[in-house]
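Geometric and topological summary
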Amino acid sequence: MTQSFTDATFGAGDYSAGAFLISTFTGSSVLSALNVTSVSFTGTLTTPGILSSGSLTLNTTGTPIVATNVTYVGFINATDGSGDPTYILTADVAGIGTPVAFAITTDPNTPLSLLSLLTGVDTSAVTAPPSTDPNPPCYVTGTRVLTTLGEVAVEDLAVGDLVVTAAGEARPIKWIGYKRIERPMRAQRPVRVLAGAFGDGLPTRDLMLSPGHAVCVDVMGEVFVPIDHLINGATVAQVDVDEVTYWHVELESHDVLLAEGLPAESYMDIGNRAWFGREYGRLEKIDPERVEASLAAYARPFVANGPIVEAICQRLAARAETLGWARSSEIDLHLTVDGQRLEAELDGELARFIFPATATAATLVSRTFVPAGRSGNDRRTLGVRLDAVKITDGLRLDREVALESLAGVHHEEAASGVAWRWTDGQLDLPAQLWAEAKGKVILTLAHRPKAVWTWVAPEVSLAASLVRAA
């Protein structure tokens, strides 16, 4: 099983840097002189010794540093019962003569310490360990679940309370687990389902779920589909939060609960119970002989891809338009330079920005969309399709930027051998790209504006219509 990270940022305590010697990671303050405040990583870790298909960026008090030759070394199994391994990477960092080893943890709540890392690193030629699912089926604090006493916030439920299933049956709660996550990685951020997204009263008000939580949808028969497979960027969208607490509700067997009126699954242990940890999930109360459930134990058929999921996505898109959402080709492409917005000069598939060479940071920003919200199975959040990025000062500096070296691009297309890349809506451009520039920096993008589209919220669509009418 592979482990993927998308724009995962590891702050103090979440990463360490040092050396990798004889199958052992030795952490140190090797990055202190560079004023590193955090490390951001995007990539997929599979086989040790192989370059990862991603990027590693050192965020500093000044200009971010993009590491090169990022290689997956191996992992250290968790010793705290959390099931979250620590992954070891090596990379070349400008200013440091030898490769730097980085240790990153998949659990932002587990601070790394030198003592915990002074153990053998598994560097065998096998895939990364099957770490616990970072997205077990959970409800976010405040979600109301139907019980025999009415709707009750999930955090106020208790073992033994009777919940009412979609079939109208009253069933007792067997176990409740919860976990609070600070600075959740993108894969752990909650998915917001707007009121009425699936139909009138479905849900009755906005509902927040973990990405892996399955909802029950009737498509010529009821099926369970993970909510992150139905993200459309409009009525179903992932949201950025500073912290989130996830709760799960387990019955004696898997079933369909009613959360804010929307049919959604109860928890079922398919090997991810340890994700909640001893502190949060009270694992010591769980039968150690418990056997992990299989797909056959689901209360409804479970589907994650294929025609059924595509049909649901199309139904959600049609419903979004009914609710007032509109599709637009306007992606609001612009650059932020040292915090100031800079508009693009556009000429067909070319976009140009001019800014002072003294700038210390720049970010290419655009609206985003999810292709699966229209058709297909691509559930990534996409911004702009870039064919090329060029930086010049009109004098001696004339640089073609390697897209794969930038933080904020998707790397899945690399397997197809194409040179172009999609951004995720925010592409960071480190100042070292124009360090030799004199006077002005001219940034030119070759992109495909006709390849993108975005959802426009109802209130924005209405305002635009009024402006056009006036």
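The structure reproduced in this document is the subject of the present report.

**Some details on helix α3 (residues 307–322)**
- Here α3 spans 23 Å end to end across 16 residues, near enough to the 22 Å set by a 1.5 Å rise per residue.
- Those residues of α3 that sit buried are V309, I312, C313, L316, A317, R319 and A320. One side of α3 carries all its buried residues, which in axial view fall inside an arc of 165 degrees. With respect to the buried face of α3, the exposed residues turned more than 90 degrees away are P307 and T322.
- In this structure, the buried side of α3 is in contact with β18 (214–218), β19 (222–226), β20 (236–238), β24 (326–328) and β35 (454–456).
- Phi for G324, located one or two positions after α3, is positive at around 110 degrees.

**Some points on the nonpolar core**
- Of all hydrophobic cores here, the largest spans 41 residues; its most connected members are L335, L429, W434 and L443.
- If you list the elements that add at least two residues to this core, you get α3, β25 (334–337), β28 (350–356), β29 (361–365), β30 (385–392), β33 (426–430) and β34 (440–447).
- In this structure L335 touches Q340, R341, L342, F353, F355, A362, T363, L364, L429 and L443, once residues within four positions along its chain are discounted.
- With 36 residues, the next largest nonpolar core counts V145, V217, V223 and L257 among its residues.

**Overview of unusual backbone geometry**
- The linkage connecting L202 with the following residue, P203, adopts the cis geometry, with an omega of -5 degrees.
- Here P203 shows up in the loop between β16 (191–193) and β17 (207–209).
- Of note in the backbone geometry, N69 takes a positive phi value of approximately 55 degrees without being a glycine.
- By secondary structure assignment, the location of N69 is in strand β7 (residues 68–76).
- The phi torsion at D332 lies on the positive side, around 55 degrees, for a residue other than glycine.
- On the accessibility criterion, D332 (22% relative accessible area) is partly exposed.

**Re the environment of K440**
- Note on placement: K440 falls in strand β34.
- C-alpha of K440 to C-alpha of A357: the two residues are 83 residues apart in sequence and 4.9 Å apart in space.
- The contact partners of K440, leaving out residues within four places of it in the chain, are I354, F355, P356, A357, T392 and D393.

**Quick notes on the sheet that holds β25**
- The strand order across the open sheet built from four strands is β26-β25-β29-β33, with neighbouring strands paired in antiparallel fashion. This sheet does not close on itself; its edge strands, each paired only once, are β26 (340–343) and β33. Across the sheet, the mean angle separating the axes of adjacent strands is 25 degrees when strand polarity is ignored.
- The sheet contact formed by β29 and β33 spans five bridges and is antiparallel.

**Looking at the packing of aromatic side chains**
- Taken as a whole and judged by the stated rule, the model has eight aromatic pairs.
- Pairing Y298 with F302 gives two aromatic rings, centres 5.0 Å apart and planes at 45 degrees, and the pair type is tilted.
- With relative accessibility at 13%, the residue Y298 sits in the buried group.
- Under the relative-accessibility criterion, F302 is labelled partly exposed at 29%.

Cut-offs used in this document
Residues numbered from 1 in each chain as written. Predicted model: local features only at pLDDT ≥ 70, side-chain atom pairs only at ≥ 80, totals over all residues. Heavy atoms only, no water. Helix = DSSP H or I, 4+ residues; strand = E, 2+ residues; numbered from the N terminus. Expected span 1.5 Å × (residues − 1). Buried < 20%, exposed > 50% of the residue type's maximum accessible area, 1.4 Å probe, protein only. Arc of directions from axis to C-beta. Contact = heavy atoms within 4.5 Å. Core = buried A, V, L, I, M, F, W, Y, C linked by side-chain atoms within 4.5 Å. Pairing = 2+ DSSP bridges. Axes fitted to C-alpha atoms, helices over the stretch in contact; angles between N-to-C directions. Phe/Tyr/Trp six-rings, centres within 6.5 Å; stacked < 30°, edge-to-face > 60°.

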